[in-house]
Amino acid sequence: MSPTRPYRVLVVCTGNTCRSPMAEALLRHLFEEAGVPAEVRSAGTAAMSGGPAHPHSREVARSEGLDLADHESRPVTEELIRWADTVIGMQPSHVRYVRELDSTADVRLVTDLAPEVDYEGIVDPIGWDREVYEAVFDDLRRCLEPFVREHADGATAR
């Protein structure tokens, strides 16, 4: 990351309609709250271009003060991976997918970002009820808050 531009994060899931849009909006909010200049995007390993966020994702985000109304799904591309300073995958399969496209990418599994989390990856809520989406959002927060704190501490140390 250059001191002249914001830190760039790409969040990756499968369809780019559930987990990664919620994580994108949450990360953007957390970085802003922490005063860290950052750009956040999301994409999916099997995403169609231009689809909306899942209704449950939009509802859960809205209940947390976040807006997914303008979200449009998009597939992961080599260009997006090169754009990012860090790529965060929701499942080990997403991390492998990104590494296959660009073996030099800084790609991390979301649950590895929080030391106290002892499970691997965040479950795909597609097909489940809103309560599962709420649990996924809570898991995302648990994993992303320490990641943002780390970057906020690094920003204040400069």
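Let me begin by describing the structure that accompanies this report.

About the criteria used
- Residues numbered from 1 in each chain as written.
- Predicted model: local features only at pLDDT ≥ 70, side-chain atom pairs only at ≥ 80, totals over all residues.
- Heavy atoms only, no water.
- Core = buried A, V, L, I, M, F, W, Y, C linked by side-chain atoms within 4.5 Å.
- Buried < 20%, exposed > 50% of the residue type's maximum accessible area, 1.4 Å probe, protein only.
- Helix = DSSP H or I, 4+ residues; strand = E, 2+ residues; numbered from the N terminus.
- Contact = heavy atoms within 4.5 Å.
- Expected span 1.5 Å × (residues − 1).
- Pairing = 2+ DSSP bridges.
- Axes fitted to C-alpha atoms, helices over the stretch in contact; angles between N-to-C directions.
- Arc of directions from axis to C-beta.
- Polar contact = N/O pair within 3.5 Å; in protein donor to acceptor, adjacent residues only side chain to side chain.

## Things to note about the nonpolar core
Piece 1. Ranked by size, the top nonpolar core spans 35 residues in total, and within it L27, F31, I88, L140 and L144 carry the most contacts.
Piece 2. Going through the elements one at a time, β1 (7–13), α1 (19–34), α2 (55–63) and α5 (130–157) are the ones with two or more residues in this core.
Piece 3. Considering each element in turn, this core owes the most residues, nine residues, to α5.
Piece 4. Apart from the residues lying within four places of it in its own chain, the contact partners of I88 are V9, L10, V11, V12, L27, R108, V110, L113, L144 and F147.
Piece 5. A84, V87, V98 and A105 belong to the second-largest nonpolar core, a separate cluster that totals 14 residues.

## Observations concerning α1
Piece 1. Here α1 contains 16 residues, and its C-alpha end-to-end distance of 22 Å stays within 8% of the 22 Å for a straight helix at 1.5 Å per residue.
Piece 2. Within α1, burial applies to R19, S20, P21, M22, A23, E24, A25, L26, L27, L30 and F31.
Piece 3. At the C-terminal side of α1, G35 shows a positive phi close to 75°.

## As for the sheet that holds strand β2 (residues 38–44)
Piece 1. Across the sheet, four strands lie side by side as β2-β1-β3-β4; this open sheet has parallel pairing. Of all strands in the sheet, those with a lone pairing partner are β2 and β4 (107–109), marking the two edges. Neighbour-to-neighbour, the strand axes of the sheet open up by a mean angle of 25°, direction not taken into account.
Piece 2. Pairing analysis gives three bridges linking strand β3 (residues 86–89) to β4, with the strands arranged parallel. Its bridge partner being in β4, G89 is matched across the sheet by L109.

## Considerations on α2
Piece 1. For α2, every residue scored as buried is listed here: S57, V60 and A61. Viewed end-on, α2 has its buried residues packed into an arc of 100°, placing them on one side of the element.
Piece 2. Trailing α2 by a residue or two, G65 shows a phi angle of about 80°, which is positive.

## Regarding the side chain of H151
Piece 1. Mapped onto the elements, H151 comes out in helix α5.
Piece 2. According to the relative accessible area criterion, H151 is buried, its value standing at 17%.
Piece 3. In this structure the side chain of H151 is engaged in a polar contact, spanning 3.3 Å, whose partner is the side chain of Y7.
Piece 4. With residues up to four places along the chain from it excluded, the contact list for H151 reads Y7, F31 and V36.

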